[in-house]
Amino acid sequence: MKKIAVIGSNGQLGNCIRKIAPDFENKYEFIFTDSQTLDITDEDQVNDFFYDNKPDFCINASAYTAVDLAEKEKEKAFAVNAEGVGFLANACVEYKTVLIHISTDYVFDGETNLCYAEDDFTNPIGVYGESKRTGEELALETNPQTIILRTSWLYSEFNKNFVKTMLNLFSQKDELGIVADQYGQPTNANDLAEAIMNIIEAPQKTFGIFHFSNYPETTWFDFAGKIAEFSKSSVKLNALTTEQYPTPAKRPKRSTMCLDKIEEIYKIEPKYWESSLEECVNILTKS
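From a predicted model like this one, the values you see are computed outputs, not experimental measurements.

About the criteria used
Residues numbered from 1 in each chain as written. Predicted model: local features only at pLDDT ≥ 70, side-chain atom pairs only at ≥ 80, totals over all residues. Heavy atoms only, no water. Axes fitted to C-alpha atoms, helices over the stretch in contact; angles between N-to-C directions. Helix = DSSP H or I, 4+ residues; strand = E, 2+ residues; numbered from the N terminus. Parallel < 35°, antiparallel > 145°, perpendicular 65-115°, else oblique. Left-handed = near helix turned anticlockwise from the far one by under 90°. Contact = heavy atoms within 4.5 Å. Nonpolar A, V, L, I, M, F, W, Y, C, P; charged D, E, K, R; others polar. Core = buried A, V, L, I, M, F, W, Y, C linked by side-chain atoms within 4.5 Å. Buried < 20%, exposed > 50% of the residue type's maximum accessible area, 1.4 Å probe, protein only. Salt bridge = Lys/Arg side-chain N within 4 Å of Asp/Glu carboxyl O.

> Would you mind going over the packing of helix α3 (residues 74-94) against helix α4 (residues 127-142) with me for this structure?
Packed helices, taken two at a time, are described by the angle between their axes plus the distance between the axes. Where α3 meets α4, the closest approach of the two axes is 8 Å, and the angle between their N-to-C directions is 15°. Between α3 and α4, the angle falls in the class roughly parallel. For the element pair α3 and α4, the recorded crossing hand is right-handed. Between α3 and α4, the residues in contact are Lys74, Ala77, Phe78, Asn81, Ala82, Glu83, Val85, Gly86, Ala89, Asn90 and Val93 and Val127, Tyr128, Glu130, Ser131, Lys132, Thr134, Gly135, Leu138, Ala139 and Thr142, respectively. Its residues placed into classes, the contact of α3 with α4 shows 10 nonpolar, 7 polar and 4 charged.

> Honestly, the nonpolar core in this entry has me stumped. Any pointers?
Within the largest apolar cluster, 32 residues are counted, with the highest numbers of intra-cluster contacts made by Ile4, Phe30, Leu149, Ile196 and Ile200. By residue number, the principal contributor to this core is helix α6 (residues 189-201), which donates 8 residues. Ignoring any residue separated from it by four or fewer positions in sequence, one finds Ile196 in contact with Leu13, Ile17, Ile59, Ile100, Ile102 and Leu149. Counting 30 residues, the second-largest nonpolar core is a separate cluster that includes Ala77, Leu99, Tyr128 and Ile209.

> Explain the pattern of salt bridges to me, please; I cannot follow it from the model alone.
Here the idea is simple: oppositely charged side chains can pair when their charged atoms come close. Applying the stated criterion across every chain yields a total of 11 salt bridges. Where Glu157 meets Lys19, a salt bridge forms, and the shortest distance between an N and an O atom there is 2.6 Å. Of this pair, Glu157 sits in the loop between β6 (154-155) and α5 (162-170) while Lys19 is found in helix α1 (residues 12-20), placing the two residues 138 residues apart along the sequence. Residue classification places Glu157 among the buried positions, given a relative accessible area of 13%. Overall, the relative accessible area of 40% leaves Lys19 in the partly exposed class. A salt bridge links Arg254 to Glu217; its shortest N-O distance comes to 3.0 Å. Here Arg254, found in the loop between β12 (236-240) and α8 (260-266), pairs with Glu217, found in the loop between β10 (208-211) and β11 (218-219); they are 37 residues apart in sequence, far enough to count as distant. Look at Arg254 and you get buried, because its relative accessible area is 16%. For Glu217, a relative accessible area of 30% translates into the label partly exposed. Via salt bridges that share partners, Asp191, Glu194 and Lys271 belong to a single interconnected network.

Below, the structure is given as structure tokens:
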């Protein structure tokens, strides 16, 4: 039975993989770790973990994702998002492990009206994006058997995310201002978990960078509008410009990613974001 190590299993994606793991228990042994049981910024811990477990696949779902805080905590962001990824990639080489590493649309600067392809020039505009790009580079340079999955605007029924924040605010406020001039693709982490398992199940592996999200693009304002609609909230939403809602870290204006490659190579068809969002909102409002 092949082994799948899931690093960062207490995050959104890790929890979504944990949720579907029983569907694959006859084929794979899952080893779930979190930052308490495996600190990926400690090379010795990483090496010991691989020596003890010898996984066939390593899904790195761990990340430092505090985009604004990263501007102050650059060293911490790079330790988790870059150096730790390098340690995992080194161990993967030694044990011939396939590394599936999760990255982000924030590796792009967002200064385009087109969608970004996998081989387009990266130019992050903040520390978070810089650290994630460095992690990608270390993984690809170190381990030939690496699959990078860039995703965007991740949400789920687990942990903190935009959808849960909005539902919470809707219950407290009559009116909210939401940024309406930043474009991207919301992604249900449950769909990403399924995509990862489809890649693991694929008989032939193509390595390199792939984009995965739900589609098509939208704005934070329209995203929030659909959350309100699906949760039957009467909150009034007001459109704001980026300038009206300043944050410590700059956000890409349009970080929409092309999704053709993963569909063509792995036959993974991304879902429409509204239908995936409705499923998640239904779970959250029922619970």
